[in-house]
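Descriptive structure summary
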Amino acid sequence: MVDIVRLSNEIKDLGVPKSTLASKCGVTARTIDNWLDKPELISVVHADILANALRLTDEQKLAIFFASDVQ
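Fair warning: this is a prediction, and the values are worked out from it, not measured in the lab.

**What about the overall build of the protein?**
In terms of regular secondary structure, the protein is built from 5 helices and 0 strands. Helices (α) and strands (β) of the protein occur, in sequence order from the N terminus, as α-α-α-α-α. Rg of the C-alpha trace for the protein: 11 Å, near the compact-globule value of 11 Å for 71 residues, within the 12% margin. When its C-alpha atoms are laid out on the principal axes, the protein stretches across 30 × 20 × 20 Å. Scored against the burial criterion, the 71 residues of the protein give a buried share of 37%. Considering only contacts within the protein whose residues lie at least 6 apart along the sequence, 60% involve residues at least 24 apart. Accessible area for the protein stands at about 4,600 Å²; split by element, carbon and sulfur atoms hold 52% of it. A distance of 7 Å separates the average location of the 8 positive side-chain charges in the protein from that of its 10 negative side-chain charges.

**What to know about the nonpolar core**
Proteins that are soluble and globular tend to have nonpolar side chains buried together. Grouped together as the largest cluster of nonpolar side chains are 20 residues, with contacts concentrated most on Leu 7, Leu 21, Ile 32, Leu 50, Leu 54 and Phe 65. Residue assignment for this core shows that the elements contributing at least two residues are helix 1 (4–14), helix 2 (18–25), helix 3 (29–37), helix 4 (44–53) and helix 5 (58–65). Looking at this core element by element, the count peaks at 4 residues for helix 4. Apart from the residues lying within four places of it in its own chain, the contact partners of Leu 21 are Ile 11, Val 16, Ile 32, Leu 50, Ala 53 and Leu 54.

**Let's talk about the pattern of salt bridges**
All told, the structure shown has 3 salt bridges when counted by the stated rule. Residues Asp 33 and Lys 18 are paired through a salt bridge, measuring 2.7 Å at the closest nitrogen-oxygen approach. One end of the pair, Asp 33, is in helix 3; the other, Lys 18, is in helix 2, and 15 residues separate them in sequence. Note on Lys 18: relative accessible area 36%, which makes it partly exposed. Asp 48 serves as the salt-bridge partner of Lys 61, at 4.0 Å between the closest nitrogen and oxygen. Here the residue Lys 61 occupies a position in helix 5, and Asp 48 occupies one in helix 4, the gap between them amounting to 13 residues. The network of salt bridges with common partners includes Asp 48, Asp 58 and Lys 61.

Calculation rules
Residues numbered from 1 in each chain as written. Predicted model: local features only at pLDDT ≥ 70, side-chain atom pairs only at ≥ 80, totals over all residues. Heavy atoms only, no water. Helix = DSSP H or I, 4+ residues; strand = E, 2+ residues; numbered from the N terminus. Rg over C-alpha atoms; globule rule 2.2 N^0.38 Å. Buried < 20%, exposed > 50% of the residue type's maximum accessible area, 1.4 Å probe, protein only. Contact = heavy atoms within 4.5 Å. Areas by Shrake-Rupley, 256 points an atom, 1.4 Å probe, with all protein chains shown as cover. Lys, Arg positive; Asp, Glu negative; His and termini not counted. Charge placed at Lys NZ, Arg CZ, Asp CG, Glu CD. Core = buried A, V, L, I, M, F, W, Y, C linked by side-chain atoms within 4.5 Å. Salt bridge = Lys/Arg side-chain N within 4 Å of Asp/Glu carboxyl O.

What follows is the structure, encoded as structure tokens:
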């Protein structure tokens, strides 16, 4: 399960505009919004692309995309 709070915070902390992030992920800014509203829509492939676009470390990826305590 995706820890959407952590993911949103990473995006904010890095100051990456959604349009730029979307372009790096090969999706639209609306898709990024959809992912943040409904993280269950993020596929494993897109999670990896998103993490790489944000330049997350492996540890950060695990904490965000494989968080076991997220409801």
